[in-house]
Amino acid sequence: MGVFRSLIFLLSFQLLYVAKGSTVWLNKNGYEDLVVAINPQVPEDANIILNVMNMIKNASNYLFEMTKHRFFFKSVKIIIPKTWKKNINYSRLKTESYDKADVIIADPYIKHGDDPYTLQYGGCKEKGRYIHFTPNFLLNDKLANVYGEKGRVFVHEWAHYRWGVFDEYSSDMPFYVSRNSKAASVEATSCPAGVAGIPVFQDCSGDKCEPRSCRYDGQLYEKGCMFIPDIRQNIPCSVMYLQYILSVVEFCDKNTHNSEAPNMQNKMCNHKSTWEVIMESDDFRNSAVVNASAPPSETTFRLLQTQDRAVALVLDVSGSMSMHNRIRHLRSAAEAFLLHVIEIGSWVAIVTFDSDASEKAPLQQITDDAARQKLVQCLPIIASGKTNICAGIRKGLKLIADKMNTTYGSEIVLLTDGEDSGIATCLDLVKQSGAKIHTIALGPLAAKELEEFSTLTGGLKLYAVDGAVHNKLTMTLSAITSGSGDISEQSIQLESKELLVQHSGWMNTTVPVDKTVGNDTFFSVAWSLSQPFFFLRDPKGKEHGSSDFTIDNSNPNTARLSISGTAEVGDWQFCIKNLHTATQAISVTATSRPAYSDVPPVSIAAHMNRANRAFNPVVVYAEVSQGFLPVLGATVIATIEKDGAAAVTLELLDNGAGADTMKNDGIYSRYFTSLQGTGRYSLKVNAHGRNTTTRLSLKQNRALSILGYRENGKIYMNAPRPKFADKEIKVKLGSFSRISTSSLVVNTGGDSAPIYPPCKVTDLHARIENKTIVLSWTAPGGDLDNGKADHYIIKSSENLLDLRNHFDHATSVNSSNLIPKEAGREESFKIKLENFIIKNDTVIYFAIRAVDDTNLISEVSNIAQTTWFVPPKASVPLEYDGNNEGADSIVIVAIVAVCVIVVCTIVSSTLCVLQKRKGRVDFETMQKHM
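Residues numbered from 1 in each chain as written. Predicted model: local features only at pLDDT ≥ 70, side-chain atom pairs only at ≥ 80, totals over all residues. Heavy atoms only, no water.

Visitor: Just checking my understanding: could you explain the overall build of the chain for this structure?
Guide: Of the regular secondary structure elements, the chain holds 15 helices and 53 strands. Here the chain, with 930 residues, has 59% of them falling under the buried criterion. A separation of at least 24 residues holds for 76% of the contacts in the chain among residues at least 6 apart in sequence. As displayed, the chain offers around 36,600 Å² of accessible surface, 49% of which is attributable to carbon and sulfur atoms. (Helix = DSSP H or I, 4+ residues; strand = E, 2+ residues; numbered from the N terminus. Buried < 20%, exposed > 50% of the residue type's maximum accessible area, 1.4 Å probe, protein only. Contact = heavy atoms within 4.5 Å. Areas by Shrake-Rupley, 256 points an atom, 1.4 Å probe, with all protein chains shown as cover.)

And the structure:
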């Protein structure tokens, strides 16, 4: 039994880095249980289902060919929202849900286009979060002229999602100076190099565009110049560049890869080809080539429909729950969950367990506040006896089955603080139940095997440390919201703060309520010893004193206030004074719901995962968004706690350095280097923005759209994209604050804390100023992206791959006078040109490594390039067919020679929206009700 427990524990630990919990698995060569989910706000349209089926069927054939007869899609589940009509062909969900889907179909927020994309948090080889398609992408056949055949697009996105590869084009740097041949030349950012095509610039006024030749601006073409490929290519790759070209049937491999191109694939995967990365995946290692010209079987589909939410609270009331006020905290947290978190229309049952299980409330529907209060009265207040977790689970499943005639699609919320040697006895029952089990481990002694239930069923794995007041447990329990995708009714945590306040000391807290929330807003104050003096002032100055709050006799250490209607937008100010003779803990909690059904709220999703990279470091992520648009410029603070260890606070950054993969994508990241041995760690993330204009960004890793093409010497242009397609959107939301929680189980393999080197520098730039080469980058830390390094090693070479592969043997740059700054700060270093032999067509590459005070050394940075290059004179006019549909006018190509020395930086600039300040568009008027 001990070996079994250890195996399951380690397995669950190994799988934790796939945070979203995809259920896709490879059965020989076929992917099984791929989940596609339709957002509840998408209007019912059977053609969406049919077109999804056709897209994936076609994608299966393409994938089989593009992976050299290795992979295909075997079985797919499509989740139909509850808002669509019932159909006898729709089965009931089991543990599948919208929030765990591999592919989601949803309208974009603010009509910014139909670009498919894959949300990727991590680095090379790390799986994505989900693939996103809009309904219009699936329904509008004309978009095949913009993105290519849907099945081909799906394979492109699948490679992002499943294998952690990146795009081989760059919207920010579509051209670069190449040295693949003897002489330098300007080439399109592509894979492979030498894709046939032509640079074109479109002068647009209103809806009318006049294509013309691209002019040089220094060594490169002017901003806005785009590469128009030939529709017929003599090369079979690459899927991650020109997926829409019919002749493209391969990924770039080691022989065809363009290691020079300044694209995300080179930056993130250290200049490896996409096929090399795929070959290193578990999928590739666990499969073999199929000796057939087509997939062994056609893709099969099952249609599942979301039902009413059914939840059984299964709560530990064994004797250990009487310690540290746990039973009192449980009641307070469960009360907040029932009154303010679980959605209206949900079904709830309550079960308690010690050595046996008891029914406290049968499964009943929450239809109004009275129904919520009725359930609250059933919550436990006394703890005694031993712990029998399986008895509680069996009782919870029985109560659900008694009412619903099935446990499929239901949820168990299992909260316990104790150990139980009998957990293995009900694992089979749990697996067969079709129910999702969310586990909450309370305190340091909760059963180590507890997370097995969540691993088997796709439930949440949560953990709360003991506290003087209940807010940590309340915050943890409040994270268990519906996974249906209907955010219009979901509870949103605005604030959760706890402080130790001295006698006569004050705790003053501001809780901003922004324009996207305000319904069912609820505030609470909790204290550990005796009631403090307090009042809450709304944005208009009205004060709500303690007499306006409700204090329940069964929960005398908490005061609650519900705001009727929609809460006033602005800052709500808590003023609390500790009247007790001693220091006591005081906490403030605030939750709300969206103000409008058609305006998505600002939201935050926090995760803590072990990264699939050197040293397997823990990375903290927080995605801040409105709808599907990233929110930029937020202040994001993470607090990590473990029983018996001091809390650690980190500021998460969206700067494209350190743990952060991509700058300005709304995903704020940081390495967590203060591990305190094996065990559970809880994560709380607070994201807030003050009363300034909130910037929303479009997704940066969008599928490449077809700007135009050349066929038989003639150029055909597609209609230009919307003017705001590549710009930031600014909206006035008011100040906002959001809280998100998560947990992680870590096995360090011992009691000692891991030792980390400095993190890899990923944003090295190079430029020339006054006959001096200037290198700039974001400082790494001494431990990954925390602290500061001891010194840097800078090297140069005239060969990119030699610098990457043989860094130690490259030419050293004297940087002995360079003292590293604190992690996250901008570094700059100047190199005199007199140290190099310079002539036309000279290319010099630079890379850097950081060393800490124990001589641990970072990986080699991204590679920056400086080029001395005189653009060519010359060219011949090419034909443009102005009569073709989508075409606008004749393109005459002429190249004007310019002799300027400029720097082309490899890779790093692919992350930046270069003209963000010039390109902002005010979309305030496009947000309804604002």
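Visitor: Which parts of the structure should I look at to understand the environment of W527?
Guide: Following the sequence through the fold, W527 ends up in strand β26 (residues 517–527). Measuring from C-alpha to C-alpha, the distance between W527 and P556 comes to 9.3 Å, with 29 residues separating the pair along the chain. The residues contacting W527, other than those within four sequence positions of it, are V469, P532, F534, I551, P556, N557, T558, A559, Q584, A585 and I586.

Visitor: Looking at this structure, how should I read helix α2 (residues 46–66)?
Guide: Counting along an α-helix, one turn takes 3.6 residues, and residues three or four places apart therefore face a common direction. Between its first and last C-alpha atoms α2 spans 30 Å; for 21 residues at 1.5 Å apiece the expected length is 30 Å, and the two agree. Taken as a whole, α2 has its buried residues at I48, I49, N51, V52, M53, M55, I56, A59, S60, L63, F64 and M66. The N-capping residue of α2, defined by a side-chain oxygen 2.9 Å from the backbone nitrogen of N47, is D45. Phi for K68, located one or two positions after α2, is positive at around 60°. (Expected span 1.5 Å × (residues − 1). Polar contact = N/O pair within 3.5 Å; in protein donor to acceptor, adjacent residues only side chain to side chain.)

Visitor: How should I be thinking about the sheet that holds strand β16 (residues 226–229) in this particular structure?
Guide: Strand pairing in a sheet is mediated by backbone hydrogen bonds. Such pairs are either parallel or antiparallel. Taken in spatial order, the 3 strands line up as β13-β12-β16 in an open sheet, and their pairing is antiparallel. With one partner strand each, in any of the chains shown, β13 (208–212) and β16 form the two edges of the open sheet. Going from strand to strand, the sheet's axes swing by 45° on average, the running direction of each strand aside. Relative to β16, strand β12 (residues 197–205) runs antiparallel, the two being bridged by 4 bridges. Looking at β16, one finds that G197 is bridged to P229. (Pairing = 2+ DSSP bridges. Axes fitted to C-alpha atoms, helices over the stretch in contact; angles between N-to-C directions.)

Visitor: Can you help me understand the pattern of salt bridges in this one?
Guide: As a working rule, side chains carrying opposite charge can pair if their charged atoms are close by. The final tally for this structure, using the stated rule, is 30 salt bridges. As a salt-bridge pair, D203 and R212 come within 2.8 Å of each other at their nearest N and O atoms. Since its relative accessible area comes to 37%, D203 is described here as partly exposed. In the salt-bridge network here, residues are joined through shared partners; they are D33, K77 and E96. (Salt bridge = Lys/Arg side-chain N within 4 Å of Asp/Glu carboxyl O.)

Visitor: When you look at the packing of aromatic side chains in this model, what are you seeing that I'm missing?
Guide: Counting across every chain of the model gives 29 aromatic pairs. Each ring, one from F133 and one from F137, has its centre 5.2 Å from the other, and the planes form 15°; the classification is stacked. Measuring from centroid to centroid gives 6.0 Å for F523 and F574, while their planes differ by 75°, and the two rings are edge-to-face. With F523 in strand β26 and F574 in strand β31 (residues 570–577), this pair connects stretches of sequence that are 51 residues apart. A cation sits over an aromatic face here: R152 above Y62, 4.9 Å from the ring centre. Residue placement shows K642 over the ring face of Y681; its charged tip is 5.9 Å from the ring centre. (Phe/Tyr/Trp six-rings, centres within 6.5 Å; stacked < 30°, edge-to-face > 60°. Lys NZ or Arg CZ within 6 Å of the ring centre and 35° of its normal.)

Visitor: Is there a simple way to think about the pairing of strand β32 (residues 584–594) in this case?
Guide: If a strand is regular, its side chains alternate between the two faces of the sheet. Counted residue by residue, β32 has 11 buried out of 11 residues, so it is predominantly covered. As paired elements, strand β24 (residues 492–501) and β32 share 9 bridges and run antiparallel to each other. Counterpart to E495 in the pairing with β32 is A590. Relative to β32, β26 runs antiparallel, the two being bridged by 8 bridges. Paired with A526 across the bridge in β32 is S587.

Visitor: Explanation requested: the sheet that holds β26 in the structure shown.
Guide: Across the sheet, 5 strands lie side by side as β24-β32-β26-β30-β29; this open sheet has antiparallel pairing. Either end of the sheet is taken by a strand with one partner, and the two such strands are β24 and β29 (550–552). When the angles between neighbouring strand axes are averaged without regard to direction, this sheet yields 20°. Along the sheet, helix α9 (residues 326–341) contacts β26, β29, β30 (555–562) and β32; its crossing angle with β30, the most-contacted strand, is approximately 15°.

Visitor: Just to check I follow, could you spell out the confidence of the model for the chain for this structure?
Guide: Should the pLDDT be low somewhere, the predicted coordinates at that spot are not to be read in detail. Residues with a pLDDT of 70 or more make up 88% of the chain, whose mean pLDDT is 87. In the predicted structure, residues 1–19 sits below a pLDDT of 50 and forms 30 contacts with residues beyond four places in sequence or in another chain. Confidence drops under a pLDDT of 50 for residues 874–878, and excluding neighbours within four residues, the segment shows 12 contacts in the predicted structure. (pLDDT = per-residue confidence, 0-100.)

Visitor: Just checking my understanding: could you explain the state of the cysteines for this structure?
Guide: Disulfides are covalent bonds that link the sulfur atoms of two cysteine residues. Taken as a whole, this structure holds 5 disulfides when the rule is applied. Bridging C204 to C209, the disulfide has an S-S length of 2.0 Å. Handedness here is read from the sign of the S-S torsion; for C204 and C209, about 105°, the answer is right-handed. On the basis of relative accessibility, which here comes to 44%, the residue C204 falls in the partly exposed class. In the chain, the bonded cysteines, taken in the order they occur along the sequence, pair up as 1-8, 2-7, 3-4, 5-6, 9-10. (Disulfide = S-S within 2.5 Å.)

Visitor: Is there a simple way to explain the nonpolar core in this structure?
Guide: Soluble globular proteins tend to bury their nonpolar side chains together. Formed by 77 residues in total, the largest nonpolar core has its most connected members in I56, I78, F154, W158, W163 and F251. Formed by 56 residues, the second largest nonpolar core is a distinct cluster that contains A106, Y117, V648 and F736. (Core = buried A, V, L, I, M, F, W, Y, C linked by side-chain atoms within 4.5 Å.)

Visitor: Would you take a moment to explain unusual backbone geometry for this structure?
Guide: What is expected of a backbone is that most residues other than glycine have negative phi and most peptide bonds are trans. In this chain, C191 is followed by P192 through a cis amide linkage whose omega measures 5°. Of note, the bond from C237 into S238 is cis; its omega dihedral lies within 30 degrees of zero at 20°. One non-glycine residue with positive phi stands out, namely K28, at about 60°. Structurally, K28 can be placed in the loop between β1 (25–27) and β2 (30–32). The residue S504 is not glycine, and still its phi comes out positive at about 65°.

Visitor: Looking at this structure, I do not really get the packing of α9 against helix α10 (residues 369–376). What am I missing?
Guide: Any two packed helices are characterised by the angle at which their axes cross and by the distance between the axes. At a closest axis distance of 9 Å, the pairing of α9 and α10 adopts a crossing angle of 160°. In terms of their interaxial angle, α9 and α10 are classed as roughly antiparallel. Helix-helix and strand crossings are classified by hand; for α9 and α10 the assignment is right-handed. Residues R331, E335, L338, L339 and H340 of α9 form the contact with α10, whose own contacting residues are R372, Q373, L375 and V376. (Parallel < 35°, antiparallel > 145°, perpendicular 65-115°, else oblique. Left-handed = near helix turned anticlockwise from the far one by under 90°.)

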